[in-house]
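Analysis of the macromolecular model
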Amino acid sequence: MKRNPVQDHTREMMERGRLARDGFLGDDMRPIDEIVAADAAALAAAGVTRENLADLLDELHAAADAALETPRELFGGKVQVQLIEVMGRIPCPFGCGERAHKAAIRVKAGDLTFVFTPLQAHLIREHGFFQGEGSWFRLEPAELIALYRLCRG
Ligand SMILES: [Zn+2]
């Protein structure tokens, strides 16, 4: 396997305890570009872009933020969002200069419940990165695609 110094550095920043207690990779041993490529293929197969998903996450974040930690219903009650904590900022592990708010937004939509952070919307939009398999904060493209279809369908 070819060594890639930039990816080596990014991988280091994604380790547990560097920028985030649980890290960004879980137990995923694949190179970051392989993780990104596999998730990009899932999006392409569904005909959804990473901007579609990031825009939706930003919209859910803005709505949760405006509701000041009170649960808020959106899309005719199909989706409920709630801001559950805010504490400082976290830099993007890809080193692009982004420093995202460390908020966590809880989303409930039918059987689907998950938590996302503003950094994740950035990672998806700018880096196509949904995080490694087994990472606590990995967003499964299939779940986001289902949510996207529920909200925009
Ligand atoms: Zn970035």
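Here, every reference points to the structure presented above.
Structural notes, computed from the coordinates.

Our next topic: the packing of aromatic side chains. Applying the stated criterion to the full structure yields three aromatic pairs. Aromatic side chains Phe 94 and Phe 129 sit 5.5 Å apart centroid to centroid with 80° between the ring planes, which places their arrangement in the edge-to-face category. One end of the pair, Phe 94, is in the loop between β2 (79–91) and β3 (99–109); the other, Phe 129, is in the loop between α4 (118–127) and α5 (141–152), and 35 residues separate them in sequence.

Helical geometry: 3.6 residues make up each α-helical turn, so side chains three or four residues apart lie on a common side. Counting buried residues in α4 gives eight out of ten residues, a clear majority hidden from the surface. Close packing links the buried residues of α4 with α2 (32–46), α3 (50–66), β2, β3, β4 (112–116) and α5. Gly 128 sits one or two residues past α4 and shows a positive phi near 60°.

Attention now goes to the pattern of salt bridges. When the charged atoms of two side chains lie near each other, side chains of opposite charge can form a pair. All told, the structure shown has ten salt bridges when counted by the stated rule. A salt bridge links Glu 133 to Arg 30; its shortest N-O distance comes to 3.8 Å. On the criterion of sequence distance, the pair formed by Glu 133 in the loop between α4 and α5 and Arg 30 in the loop between α1 (5–13) and α2 is long-range, its members being 103 residues apart. In this structure Glu 133 comes out as partly exposed when scored by relative accessible area, which is 37%. The shortest N-O distance in the salt bridge between Arg 125 and Asp 58 comes to 2.8 Å. Residue Arg 125 is located in helix α4, and its partner Asp 58 is located in helix α3; the two are separated by 67 residues in the primary sequence. For Arg 125, a relative accessible area of 21% puts it in the partly exposed group. Salt bridges sharing partners connect three or more residues here, namely Asp 28, Arg 30, Asp 39, Glu 133, Arg 138 and Glu 140.

In this section: the packing of α3 against α4. Look at α3 against α4: their axes get within 8 Å of each other, and the N-to-C directions meet at 160°. In terms of orientation, α3 lies roughly antiparallel with respect to α4. In this structure, α3 meets α4 at a crossing whose hand is left-handed. Mapping the contact onto sequence places Arg 50, Glu 51, Ala 54, Asp 55, Leu 57, Asp 58 and His 61 in α3 and Pro 118, Ala 121, Ile 124, Arg 125, Glu 126 and His 127 in α4. Taken together, the residues of the contact of α3 with α4 sort by class into five nonpolar, two polar and six charged.

A word on the coordination of the zinc ion. Around the zinc ion, the protein supplies Cys 92 (SG), Cys 96 (SG), His 122 (NE2) and His 127 (NE2) as donor atoms, at distances of 2.1 to 2.2 Å. Geometry at the zinc ion is tetrahedral, judged from the four donor atoms that bind it and their angles of 100 to 122° at the metal. On the basis of relative accessibility, which here comes to 4%, the residue Cys 92 falls in the buried class. Using a relative accessible area of 17% as the deciding quantity, one classes His 127 as buried.

A one-sided burial pattern is seen for β4, the buried positions being Leu 112, Phe 114 and Phe 116 and the unburied ones Thr 113 and Val 115. With five bridges connecting them, β3 and β4 associate as antiparallel partners. Residue Arg 106 lies in a different strand from β4, and its bridge partner there is Val 115. In this antiparallel pair of consecutive strands, β3 and β4, the connection spans two residues, and Gly 110 shows a positive phi of 60°.

Conventions we followed
Residues numbered from 1 in each chain as written. Predicted model: local features only at pLDDT ≥ 70, side-chain atom pairs only at ≥ 80, totals over all residues. Heavy atoms only, no water. Phe/Tyr/Trp six-rings, centres within 6.5 Å; stacked < 30°, edge-to-face > 60°. Helix = DSSP H or I, 4+ residues; strand = E, 2+ residues; numbered from the N terminus. Buried < 20%, exposed > 50% of the residue type's maximum accessible area, 1.4 Å probe, protein only. Contact = heavy atoms within 4.5 Å. Salt bridge = Lys/Arg side-chain N within 4 Å of Asp/Glu carboxyl O. Axes fitted to C-alpha atoms, helices over the stretch in contact; angles between N-to-C directions. Parallel < 35°, antiparallel > 145°, perpendicular 65-115°, else oblique. Left-handed = near helix turned anticlockwise from the far one by under 90°. Nonpolar A, V, L, I, M, F, W, Y, C, P; charged D, E, K, R; others polar. Donors = N, O, S within 2.8 Å, 3.2 Å for Na, K, Ca; no water. Tetrahedral: all angles 85-135°; square planar, octahedral: opposite > 155°, others 65-115°. Pairing = 2+ DSSP bridges.

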